[in-house]
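Observations on the three-dimensional arrangement
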Amino acid sequence: MTALTAYRQGARRVGRAPAILLGLLLVTWLFGVPSALVVRGMVAAHLGQSLDASVSRSDSTSTGGRVLLTGRRAGSDLHAVDHRVCGGAQEPQRSHRRRAILDRDRSMISAWVVLWSFLAGGILDRYARDRAIGMRGFFSAAGANAGRLIRLGLVTLVAYGALFAYVRGWLLDDLYGWLTRDVSVERTALAVWLVLALVFVLLLIIINVIVDYARIRLVVEDRHSAIAALPASIRFVRRHATRVSVLYA
């Protein structure tokens, strides 16, 4: 089967299950909108109608809303933005706000992992069968697959956490600083940063693809070990690397 054929078949299966599509849209809104409103409220509370708010808006408008921070200059610019947003507040107050934001984000991510792991079992089962299974059948499949998909989700969370906590800093801070320590041309430094950022994005994509196929194997093939599904997924992706890449793109 070619990537195009798989895409067409998948699109038809999704089209024949509009309730799942609408349900996912609703769940995404329920998770996304409250977080966006919280961030909006925090920014409004810190900036308000002050001169800094006007400067921020005018700067954003004059550049079309696109701001590029490159190299070591990004650190000082972000510090300035943090100082401006916090209105010169003391460091303990800023730390308290950061901890509150991180705690809320961790709670939201954990809740999303559990909810998505539960729903994914019913969604994949419905698409694999390609026929209506009703609400009872959907939640029955979701419940039957929830435990193993949650275990897979936790493994995935650890993998993503390691990438953002260690690999990202090593690539975009340490390695970037070493490669550009003698570079005086900003364009060259930007090109180096973009290449390293692309490497990081490719690592994220690889993990995403492997986990997606592992999730499919767990549900469609009724496998019981989330850990064993990962190497099976890696073997499948490696054997069909070209078609999987085209389908993902």
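To keep things clear, this report deals only with the structure shown in the data block. Fair warning: this is a prediction, and the values are worked out from it, not measured in the lab.

What follows is about the packing of helix 7 (residues 186-220) against helix 9 (residues 241-248). Taken N-terminus to C-terminus, the directions of helix 7 and helix 9 make an angle of 100°; their axes are 12 Å apart at the nearest point. Taken together, helix 7 and helix 9 sit at an angle that is classed as roughly perpendicular. Contacts between helix 7 and helix 9 involve Ile-205, Asn-208, Val-209 and Tyr-213 from the first element and Val-244, Leu-247 and Tyr-248 from the second. Of the residues in the contact of helix 7 with helix 9, the class split is 6 nonpolar, 1 polar and no charged.

The next thing to look at is the environment of Trp-112. By the secondary structure assignment, Trp-112 is in helix 5 (residues 91-129). Trp-112 sits in the partly exposed class, given a relative accessible area of 31%. Sequence spacing of Trp-112 and Thr-28 is 84 residues, and the spatial spacing of their C-alpha atoms is 9.3 Å. The contacts of Trp-112, once residues within four sequence positions are left out, are Val-27, Thr-28 and Phe-31.

Attention now goes to the packing of helix 6 (residues 134-179) against helix 8 (residues 226-239). Following both chains from N to C, one finds helix 6 and helix 8 inclined at 65°, their axes separated by 9 Å at the closest point. Along this stretch, helix 6 crosses helix 8, giving a crossing that reads as right-handed. Contacts between helix 6 and helix 8 pair Arg-148, Arg-151, Leu-152 and Val-155 from the former with Ala-226, Ile-227 and Leu-230 from the latter. Here the contact of helix 6 with helix 8 is composed, by residue class, of 5 nonpolar, no polar and 2 charged.

Next up on the list: the layout of surface pockets. Using a probe with the size of a water molecule, rolled over the atoms, empty space left in the structure can be pinpointed. If you add up the space inside the largest pocket, you get close to 1400 Å³. Around the largest pocket, the lining is made up of 32 residues, and of these Ala-6, Gly-10, Tyr-213, Ile-216 and Leu-247 lie nearest the centre. When residues of the lining of the largest pocket are traced back to their parent elements, those giving at least two are helix 1 (3-15), helix 5, helix 7 and helix 9. Here the lining of the largest pocket is composed, by residue class, of 21 nonpolar, 5 polar and 6 charged.

Attention shifts here to the pattern of salt bridges. In the structure shown here, the tally under the stated rule is 4 salt bridges. Where Asp-130 meets Arg-16, a salt bridge forms, and the shortest distance between an N and an O atom there is 2.8 Å. Residue Asp-130 is located in the loop between helix 5 and helix 6, and its partner Arg-16 is located in the loop between helix 1 and helix 2 (18-47); the two are separated by 114 residues in the primary sequence. Judged by relative accessible area, Asp-130 falls into the partly exposed class, the value being 26%. Arg-16 gets classed as partly exposed once you look at its relative accessible area, which sits at 45%. With a shortest N-O distance of 2.9 Å, Asp-212 and Arg-215 are connected by a salt bridge. With Asp-212 and Arg-215 both in helix 7 and 3 residues apart, the pair spans about one turn of that helix.

Rules behind the numbers
- Residues numbered from 1 in each chain as written.
- Predicted model: local features only at pLDDT ≥ 70, side-chain atom pairs only at ≥ 80, totals over all residues.
- Heavy atoms only, no water.
- Axes fitted to C-alpha atoms, helices over the stretch in contact; angles between N-to-C directions.
- Helix = DSSP H or I, 4+ residues; strand = E, 2+ residues; numbered from the N terminus.
- Parallel < 35°, antiparallel > 145°, perpendicular 65-115°, else oblique.
- Contact = heavy atoms within 4.5 Å.
- Nonpolar A, V, L, I, M, F, W, Y, C, P; charged D, E, K, R; others polar.
- Buried < 20%, exposed > 50% of the residue type's maximum accessible area, 1.4 Å probe, protein only.
- Left-handed = near helix turned anticlockwise from the far one by under 90°.
- 1 Å grid on protein atoms, 1.4 Å probe; cavity = no way out; pocket = protein on both sides within 12 Å on 5 of 7 lines; lining within 4 Å.
- Points joined across faces, edges and corners; volume = space filled by probe spheres on them.
- Salt bridge = Lys/Arg side-chain N within 4 Å of Asp/Glu carboxyl O.

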